[in-house]
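Structural description and commentary
Residue-level listing of the chains:
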Amino acid sequence: MQTFSVFFNVLLILLAIRYIDAFTRNDFPEDFLFGAATSAYQWEGAVDEDGRTPSVWDTFSHSSNLGNGDIACDGYHKYKEDVKLMAEMGLEAFRFSISWTRLIPNGRGPINPKGLMFYKNLIKELRTHGIEPHVTLYHYDLPQTFEDEYGGWINRKIIEDFTAFADVCFREFGDDVKLWTTINEATIFAIASYSEGFAPPGHCSPTSFFNCSTGNSSTEPYLAGHNMLLAHSSTSKLYKLKYKNKQRGSIGFSIYAFGLTPYSNSKEDEIATQRAKDFLFGWMLKPLVFGDYPDEMKRILGSRLPVFSKEESELVKGSSDFIGIIHYMTVYVKNSRPTPSLLPSRQDFYTDMGAETIFMENSTFFEWDAIPWGLENVLEYLKQSYNNPPIYILENGKPMKHGSTLQDTPRIEYIQDYIGAVLNAIKNGSDTRGYFVWSMIDVYELLSGYMYSYGMYDVNFSDPSLKRSPKLSASWYTGFLNGTVDFDPQAITPLENNILGSSSF
């Protein structure tokens, strides 16, 4: 029976291999990084242990019915087990974030020795196993005390507090961390948290979907986005002046990047698609590369879009050593026109953009098809429009209903298609330097709690020990990384050895 199971798994992997051009890990540059990702609140758990205090994500999750990250995967206690799994998988890099309130419980001031020791131990464990740590400083988990004190990211006070937090991280961890991302998916963070209200801290103008207790969707996303850019550039300046010569690391900034394509061949939809690129890409990237916001945004938003001083423009321009890309799906873009109404209309980011995004094929808000040419187009557009910046794909993956199966063939198909798209982009001149699967392990998800998961390792959240079990995608990724799986459907590779070496099936 066990032999049948093994060969059934081999068959599933072979069926997953698409009829695409053959390639292997060796077709990528030697210094290209393949990894996987998590974030602090989604992975660590232990929210009230060893001095950690609440973040806005704690508060936000406890006000919803999607569960919370109080325990999550318990990575705080099980990090050695998880790093061992990463090493067995052959991961070259691991992306994680630092919980601000675990390291500095009051947001500013004294460092928490136990929080400091946790991150030092995690980084040491990764390094011991030959895994490159890629650290995100901010992943939705602002200290709740700053939200209460001055409103968080919509107040310029955040710039000084964030820079001081980053200073501690650089000083304490920088000798062993060479890749830093300041803000996670800043575009969607600003939109979801300050225009739409479905991410922490949950600000928005009231709608029929979200009755936010505070917020102004017509101004706050732009204020928050502006302060993110200034906080990032302040942090980047600090690193370059104080740490870079000794530590030799790089500082990046990440955005969420939809693939965008016109809904029709009409001129209106083509113009709307370019406008969407200005709002969803150019909003953050044009200041980082050229020093100011897109002209189209300035024209549409007027005084609602903050203005960079000359000094701020010079500080922001060139402040990012690389751009982090979060990419999951491609959408149609359709021009939208305001409909006349006697009632006051809600002004928010998407009405400002004047374009509607429409799911393609069978995609929905929680599940989506693989459309790899969308990512390839994003990378080509950034190459042509933003001086071909160094890029890391910091998140890419496919959600499936949690606990539905360990035979996650659709996830394998998705990941292999997108890795192929990245290789095509590199061959066409894109300076893309890394690819991280979201996620290494099933975690608490921002939008779906524990209903959907992306992990290559299953976590049994009903089991008090939170047992980890490899899915088929873990064996597949292992095979790709160690060269026993390629993408030539005519080549039968020794997948049996890979699966027999895995502890799970």
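Higher on the page you've got the structure.
The following paragraphs examine the structure supplied in this document. (Residues numbered from 1 in each chain as written. Predicted model: local features only at pLDDT ≥ 70, side-chain atom pairs only at ≥ 80, totals over all residues. Heavy atoms only, no water.)

Time to look at the side chain of Asp-458. Within the fold, Asp-458 resides in strand β14 (residues 457-459). No salt bridge is formed by the buried Asp-458; the nearest opposite charge belongs to Lys-471, separated by 4.9 Å. (Helix = DSSP H or I, 4+ residues; strand = E, 2+ residues; numbered from the N terminus. Buried < 20%, exposed > 50% of the residue type's maximum accessible area, 1.4 Å probe, protein only. Lys, Arg positive; Asp, Glu negative; His and termini not counted. Salt bridge = Lys/Arg side-chain N within 4 Å of Asp/Glu carboxyl O.)

Taking strand neighbours across the sheet as the criterion, the 3 strands line up as β6-β8-β9 in an open arrangement whose pairing is mixed. Two strands bound the open sheet, and with one partner strand each, they are β6 (259-262) and β9 (355-359). Going across the sheet, the axis of each strand differs from the next one's by a mean of 40°, ignoring polarity. Here β6 pairs with strand β8 (residues 330-335) via 4 bridges, running parallel. Its bridge partner lying in β8, Pro-262 is registered against Val-333. This element, helix α12 (residues 267-290), spans β6, β8 and β9 of the sheet and lies at about 120° to β8. (Pairing = 2+ DSSP bridges. Axes fitted to C-alpha atoms, helices over the stretch in contact; angles between N-to-C directions. Contact = heavy atoms within 4.5 Å.)

Taking 1.5 Å of rise per residue, the 14 residues of helix α16 (residues 372-385) would be expected to cover 20 Å, and the 20 Å separating its terminal C-alpha atoms lies within 8% of that figure. Within the span of α16, buried status applies to Pro-372, Gly-374, Leu-375, Val-378, Leu-379, Tyr-381, Leu-382 and Lys-383. Of the residues one or two after α16, Asn-387 is the one with positive phi, at around 60°. (Expected span 1.5 Å × (residues − 1).)

Here the focus is the pairing of β8. As paired elements, β8 and β9 share 5 bridges and run antiparallel to each other. Its bridge partner lying in β9, Tyr-332 is registered against Ile-358.

A cis amide bond links Pro-200 with the next residue in sequence, Pro-201, at an omega value of 10°. The phi dihedral of Ala-72 falls on the positive side, at around 50°, and the residue is not glycine. By the secondary structure assignment, Ala-72 is in the loop between α3 (56-61) and α4 (75-89). For Ala-72, a relative accessible area of 3% gives the class buried. Its identity as a non-glycine residue notwithstanding, Glu-361 has a phi of 50°, on the positive side.

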